[in-house]
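Coordinate inspection notes
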Amino acid sequence: MRDTAREIFRHALAEASIAKAFARHVHCERGVLRVCEDLYDLQAYSRVLVISIGKAGHTMAEALTQQVGESSLEGIVACSVEPPAQMRGFRYFRGGHPTPNAESIRAATAIRKALEAQTAASLVVFMLSGGGSSIVEQPIDDEISLDHLIATYRTLVHSGAPIAEINAIRKHLSAVKGGRLAQSAFPAQQVSLLVSDVPENTPDALASGPTMPDSTSVEDCYRIAEKHGLLRQFPPSTRELFERNALEETPKSDDQAFYRSRWWTILSNQTAVEQAKAAAERAGFTVHVDNSCDDWDYELAAEYLLKRLRELRNESPHVCLVSGGEVTVKVTNGGIGGRNQQFVLACAAKTGRENITVLSAGTDGVDGNSPAAGAVADGSTVMRAQSSGLEVGMALEKFDAYPFFSALGDAIETGPTGNNLRDLRILLAY
């Protein structure tokens, strides 16, 4: 059953690919680019500039080039891994993730400079994917050094706050997020293609919404910082902005930067969930989808989903519960692991020798600070661990899930996928 869960995940990953999403939603014929319901006559613009940001930065640029043709595109790609080959006409930057690096700031500077050179006769095609928040970054305040910026990101990432709350603060500390790239591109025509790793109802949280009106406010930032006790953890330059109430408001929907802007989600976590559901049905399971624990603490999510799975097992002998989105983990003195492996470990501790298999993995191929995408466990996990001298409780307490699952051969290692659609949890009862 561990192999079955892996196969379901692999199928979902393959079918929810960027190449297939572009084939469905993006098409170019005789110089006219179709993006979902919009048409753009590329010959009608004096310049077409492509800005591709995020873990899927290269993959998206490559997919667009295959539709439009390499010779007619130019722009900037900022991603977190070295691409197999750089495409002609594009400048490349390798930004940091999950925290920014010097290249993240250089990318932001180059992108803003390129956008500010555009006119009303230009078309800017933005392509955004997960991880963009740290891959392209520039502090709104020059007093915030790179070291302080990294420390701020670490505080936010380890705070246990949901991604939408983390991004609300990132937006207001950034010169590129929360619609500010759209302001840099004004008065050009703009269209954004989104490969989303955020909840379906908050698209402006993707890469911290650099091209979209911001639905969050400075008041939200002050409230979130107080709620999670962030001020005492922030470095001095960031803390000082909060203490002075000096955050600047981000552009809202009535800003002129958005008058000629469109946004289209061409791929999201929902696609991966639907493909996992289809694969599980083909494997003979009665399938239910439950995304309600999105952004929950991992232990609460584990308790909830296992309870739900047991209830469903009373109705059918072979049940699959698919759950999309992300869980949160507040890390203290962490080892090597990530939220997916920590969730699976918590499930293993709660299921004992039950006929239950649990898989959780990130569609980007990266889970926390480990080389794994996630892990899989079943009723034999605790027993096999004890035979190998491993202890579930100790690994949980130390947030050290990767060495535990790696030793058992149950870590899921795909390598970076060039895609990012949040996480998939697949629970089987039989």
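Calculation rules
- Residues numbered from 1 in each chain as written.
- Predicted model: local features only at pLDDT ≥ 70, side-chain atom pairs only at ≥ 80, totals over all residues.
- Heavy atoms only, no water.
- Helix = DSSP H or I, 4+ residues; strand = E, 2+ residues; numbered from the N terminus.
- Expected span 1.5 Å × (residues − 1).
- Contact = heavy atoms within 4.5 Å.
- Polar contact = N/O pair within 3.5 Å; in protein donor to acceptor, adjacent residues only side chain to side chain.
- Pairing = 2+ DSSP bridges.
- Axes fitted to C-alpha atoms, helices over the stretch in contact; angles between N-to-C directions.
- Core = buried A, V, L, I, M, F, W, Y, C linked by side-chain atoms within 4.5 Å.
- Buried < 20%, exposed > 50% of the residue type's maximum accessible area, 1.4 Å probe, protein only.

Some thoughts on helix α12 (residues 298–313)
Residue pairs three or four apart in sequence face the same way in an α-helix, which turns once every 3.6 residues. A rise of 1.5 Å per residue sets the reference length of α12, with its 16 residues, at 22 Å; its end C-alpha atoms lie 22 Å apart and thus fit the reference within 8%. Where α12 is buried, its residues touch β10 (286–289), β11 (319–325), α13 (339–351), β12 (356–362), α15 (392–397) and β15 (423–429). For α12, the N-terminal capping position is held by Asp297, with its side-chain oxygen 3.0 Å away from the main-chain nitrogen of Glu299.

Thoughts on the sheet that holds strand β2 (residues 32–35)
Ordered by their spatial adjacency, three strands build an open sheet running β1-β2-β3, and the pairing between neighbours is antiparallel. The open sheet has two free edges, formed respectively by β1 (26–29) and β3 (38–41), since each of these has just one partner strand. Taken pair by pair, the neighbouring strands of this sheet meet at an average axis angle of 20°, ignoring direction. Alignment of β2 against β3, held across four bridges, turns out to be antiparallel. Bridged to Val32 within β3 is Asp41. Sheet strands touched by helix α2 (residues 18–25): β1 and β2. Its angle to β1, the strand with the most contacts, is close to 55°. Running over the sheet, helix α3 (residues 57–68) touches β1 and β2 and is turned about 30° from β1.

With respect to the nonpolar core
Side chains that are nonpolar tend, in soluble globular proteins, to be buried together. Within the largest apolar cluster, 57 residues are counted, with the highest numbers of intra-cluster contacts made by Phe22, Leu33, Leu64, Val125, Met127 and Leu193. Those residues in contact with Leu193 that sit more than four places away from it in its chain are Phe22, Val26, Val35, Met60, Val125, Phe126, Met127, Leu128, Trp264 and Ile266. With 36 residues, the next largest nonpolar core counts Leu312, Ala348, Val392 and Leu396 among its residues.

No statement about biological role is implied by the geometric values presented.
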